[in-house]
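Chain and residue survey
One-letter residues, chain by chain:
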Amino acid sequence: MATVKTNIEFDIDEVSECNASKHKRALMEVVSELWDRYLHLDKEGLAELLAPDITRTSQRTRTLQQGKEAVLAGLEAEWEAFERPNGAIAESMTVREADIHVDSNNHPTAATVTYWLEVEGGSRWHYDDQGAVMQAFTLVDGEWLLCHWMDCWSMDYDLDEDDYG
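The present account deals with the structure reproduced in this document. (Residues numbered from 1 in each chain as written. Predicted model: local features only at pLDDT ≥ 70, side-chain atom pairs only at ≥ 80, totals over all residues. Heavy atoms only, no water.)

Across its full length, the protein chain holds three helices and eight strands. Start at the N end of the protein chain and walk to the C end: the helices and strands fall as β-β-α-α-β-β-α-β-β-β-β. Expressed as a percentage of its 165 residues, the buried residues of the protein chain come to 45%. Considering only contacts within the protein chain whose residues lie at least 6 apart along the sequence, 58% involve residues at least 24 apart. (Helix = DSSP H or I, 4+ residues; strand = E, 2+ residues; numbered from the N terminus. Buried < 20%, exposed > 50% of the residue type's maximum accessible area, 1.4 Å probe, protein only. Contact = heavy atoms within 4.5 Å.)

So, about the nonpolar core. Counting residues in each nonpolar core, the largest one holds 38 residues, and the members touching the most others are Leu 27, Trp 35, Tyr 38, Tyr 115, Leu 117 and Phe 137. In contact with Trp 35, other than residues within four places in its own chain, are Ile 8, Met 93, Tyr 115, Leu 117, Val 133, Gln 135, Trp 149, Asp 151 and Trp 153. (Core = buried A, V, L, I, M, F, W, Y, C linked by side-chain atoms within 4.5 Å.)

With that settled, consider helix α3 (residues 68–79). The end-to-end C-alpha separation of α3 is 17 Å, in line with the 16 Å expected for twelve residues at 1.5 Å each. Taken together, the buried positions of α3 are Val 71, Leu 72, Gly 74, Leu 75, Glu 78 and Trp 79. The buried residues of α3 occupy an angular sector of 160 degrees when the element is viewed end-on, so they sit on one face. Of the exposed residues in α3, those oriented more than 90 degrees away from the buried face are Glu 69 and Ala 77. (Expected span 1.5 Å × (residues − 1). Arc of directions from axis to C-beta.)

Examined against the element boundaries, Glu 44 turns out to sit in helix α2 (residues 43–48). The spatial distance from the C-alpha of Glu 44 to the C-alpha of Leu 72 is 8.8 Å, given a sequence separation of 28 residues.

With that out of the way, let us pick up the environment of Gln 66. Relative to the helices and strands, Gln 66 resides in strand β4 (residues 64–66). Counting along the chain gives eleven residues from Gln 66 to Thr 55, while the straight-line C-alpha distance between them is 4.5 Å. Beyond its immediate stretch of four places on either side in the chain, Gln 66 contacts Ile 54 and Thr 55.

Non-glycine residue Leu 41 carries a positive phi angle of around 55 degrees. Tracing the backbone through its elements, the reader meets Leu 41 in the loop between α1 (24–39) and α2. In this structure, Glu 97 takes a positive phi of about 50 degrees despite not being glycine. Looking at the element boundaries, Glu 97 is found in strand β5 (residues 91–102). Look at Glu 97 and you get partly exposed, because its relative accessible area is 43%.

Here we take up the pattern of salt bridges. Per the counting criterion, the structure on display carries eight salt bridges. Among the ionic pairs, Arg 60 bridges to Glu 78, the shortest N-O distance being 3.8 Å. Taken as a pair, Arg 60 in the loop between β3 (50–58) and β4 and Glu 78 in helix α3 lie far apart in primary sequence, 18 residues in all. Overall, Arg 60 belongs to the partly exposed group, its relative accessible area being 25%. For Glu 78, a relative accessible area of 7% translates into the label buried. For Arg 84, the salt bridge goes to Glu 80, with nearest N and O atoms at 3.7 Å. When its relative accessible area of 32% is taken as the criterion, Arg 84 is described as partly exposed. Here the salt bridges do not stand alone but share partners, grouping Arg 56, Arg 60, Glu 78 and Asp 151 into one network. (Salt bridge = Lys/Arg side-chain N within 4 Å of Asp/Glu carboxyl O.)

To continue, consider the side chain of His 23. Along the chain, His 23 turns up in the loop between β2 (16–18) and α1. For His 23, a relative accessible area of 13% corresponds to the buried category. In contact with His 23, not counting residues within four places along its chain, are Val 102, Pro 108, Leu 139 and Trp 144.

And the structure:
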């Protein structure tokens with residue numbers, strides 16, 4: 001069986017920020033950690049990064065999930081669709097065109113990170129995908145927790161003018 005490639009990286013040249021310079025690195029790290037735990041089917045680890053009142057809507061699940069338990073149950077069901085050799089989803093992810101925005105007050109409590117996610121995957125056969133992701137975070141005791149997660153898949157963000165007819 002092929003080795004599972006699971007890594008998440010930001011294309012750092014494509015990261016823009018608004019009021020986020022102090023928190024940029026921490027938000028990039030939590031986004032990377034979320035996807036790493038997703039790929040490794042780490043439900044308990046993901047739970048540590050989720051706000052209790054999180055909401056999630058994903059094209060993959062086609063439902064609105066409200067609350068940490070509903071999101072975790074939805075993820076577990078979602079993972080069934082993927083190849084999982086050696087207990088991990090066989091994907092490599094690159095975050096592109098990330099926009100990080102932190103609320104502008106002196107003591108920020110909220111942030112959003114929007115980005116394109118390029119996926120290369122498969123252990124028995126190759127596939128790729130692109131998704132648009134929007135995640136909102138709340139700052140609790142110095143840690144950024146995910147409070148809203150929305151994604152849409154099978155997108156193409158690299159469109160030419162000719163693609164618009």
